[in-house]
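Chains, contacts and geometry: an overview
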Amino acid sequence: MTDWLPGVHVAPNIQGDARTYEIENEALDPDGHITAAMRGIRDWTDAVVCDLGAGTGYWAKTFADTAQHVFCVEPHGPSRMLACERVARMCWMGVSVLAGSAEKTNLATNSADFVHARFAYFWGPGANAGLEEVARILRPGGAFVMIDNDLRRGTFARWLGQTDPSQQRDPDVVDAWWLERGCAITEVPSCWRFQSRADLEAVVRLELPSIAEQLLAEHDGLEVEYVYRLFSFRA
């Protein structure tokens, strides 16, 4: 990690196995419900987008075709290099990859119309500094959307509830934290949908290693019910 960037946390899934995490991203929300929900909050056509905690740049494709410009901000060096390779391979002329963190994006004040964070940093209590940075870089009329797991509904939520209790979050506490800061909450029912059983098994082992074998023995097919929770606010 880059020690001059505050608020950085290790992400063992993508940073430990980027190839399997890519498979997970490809399976996530195959019918585009999350993208539709985000557009309902604030469209990014001709907008400047900050993809915060961008990882290997996978989600830049959501914005690249219609946004004015996309800044992929990521603290992890190897992930940034993979993001740079992706941008070059896709010939995304309007996408830049930057070193930065949720608490220090290195973007100018009032420089972004839409800030997107997906499973990155903003887990509720303790993320105040990151929200302050988001508020700083957003232009008036801009929007921030954070995509998180719904901790109450769906198969994946049930699986999370079987992990080590010390690693679990209280959904009521998380919701209250966002609501106290004037954020809206949008529930998005969706799923993981994999191309093969081997892919599903690899991703479950990556995300839930301590209980993966038990879960896989009990779960058939290539889909997993997965509900998402979007936390958002407008500048």
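To start, this report covers the structure provided alongside it. Within each chain, residues carry numbers counting from 1 in the order of the written sequence. Under the rules for a predicted model, residues below a pLDDT of 70 receive no local features and side-chain atom pairs below 80 are neither given nor counted, while totals for whole chains, interfaces and linings still include all residues. Each side-chain value is derived from all of the structure's non-hydrogen atoms; neither hydrogens nor water enter the calculation.

Attention shifts here to unusual backbone geometry. Working note: non-glycine residues mostly have negative phi, and peptide bonds are mostly trans. At Asn 110, a residue that is not glycine, the phi angle is positive and equals roughly 55 degrees. Note on conventions: DSSP H or I runs of at least 4 residues are helices, E runs of at least 2 residues are strands, and numbering of each starts at the N terminus. On the secondary structure map, Asn 110 appears in the loop between strand E3 (95-99) and strand E4 (112-118). Unlike most non-glycine residues, Tyr 121 shows phi in positive territory, near 70 degrees. Tracing the backbone through its elements, the reader meets Tyr 121 in the loop between E4 and helix H6 (128-137).

Throughout this description, the term nonpolar core refers to a set of buried Ala, Val, Leu, Ile, Met, Phe, Trp, Tyr and Cys residues connected via side-chain atoms within 4.5 Å. Type-normalised accessible area, obtained with a 1.4 Å probe on protein chains alone, sets the label of each residue: buried when under 20%, exposed when over 50%, and partly exposed for intermediate values. Core analysis: the biggest nonpolar cluster contains 48 residues, and Met 38, Trp 192, Tyr 228 and Leu 230 have the highest contact counts within it. Contacts are residue-level and defined by heavy atoms, with any inter-residue pair within 4.5 Å sufficient. If we skip the residues at most four places from it in the chain, Met 38 touches Trp 44, Thr 62, Phe 63, Phe 114, His 116, Arg 118, Val 145, Ile 147 and Leu 230.

Attention now moves to the sheet that holds strand E1 (residues 48-52). Strand pairing within a sheet occurs via backbone hydrogen bonds; the two strands may be parallel or antiparallel. DSSP calls a pair of strands paired once it identifies at least 2 bridges connecting them. Pairing within the open sheet is mixed, and its 7 strands lie in the order E3-E2-E1-E4-E5-E7-E6. Only two strands of the sheet have a single neighbouring strand rather than two, namely E3 and strand E6 (184-193). Sheet twist, expressed as the average angle between the axes of neighbouring strands with direction ignored, equals 20 degrees. With 7 bridges connecting them, strand E5 (residues 138-149) and strand E7 (residues 223-234) associate as antiparallel partners. Looking at the pairing, Ala 143 lines up with Arg 234 of E7. The axes used here are C-alpha line fits, helices contributing only the stretch in contact, and every angle between their N-to-C directions lies in the interval 0 to 180 degrees. Across the sheet, helix H8 (residues 171-180) lies against E5, E6 and E7, angled at about 25 degrees from E7, the strand it touches most.

The next point concerns the environment of Pro 6. Here Pro 6 is to be found in the segment before helix H1 (12-16). For Pro 6, a relative accessible area of 33% puts it in the partly exposed group. The spatial distance from the C-alpha of Pro 6 to the C-alpha of Gly 100 is 8.9 Å, given a sequence separation of 94 residues. Apart from the residues within four sequence positions on either side, Pro 6 is in contact with Ser 101, Glu 103 and Lys 104.

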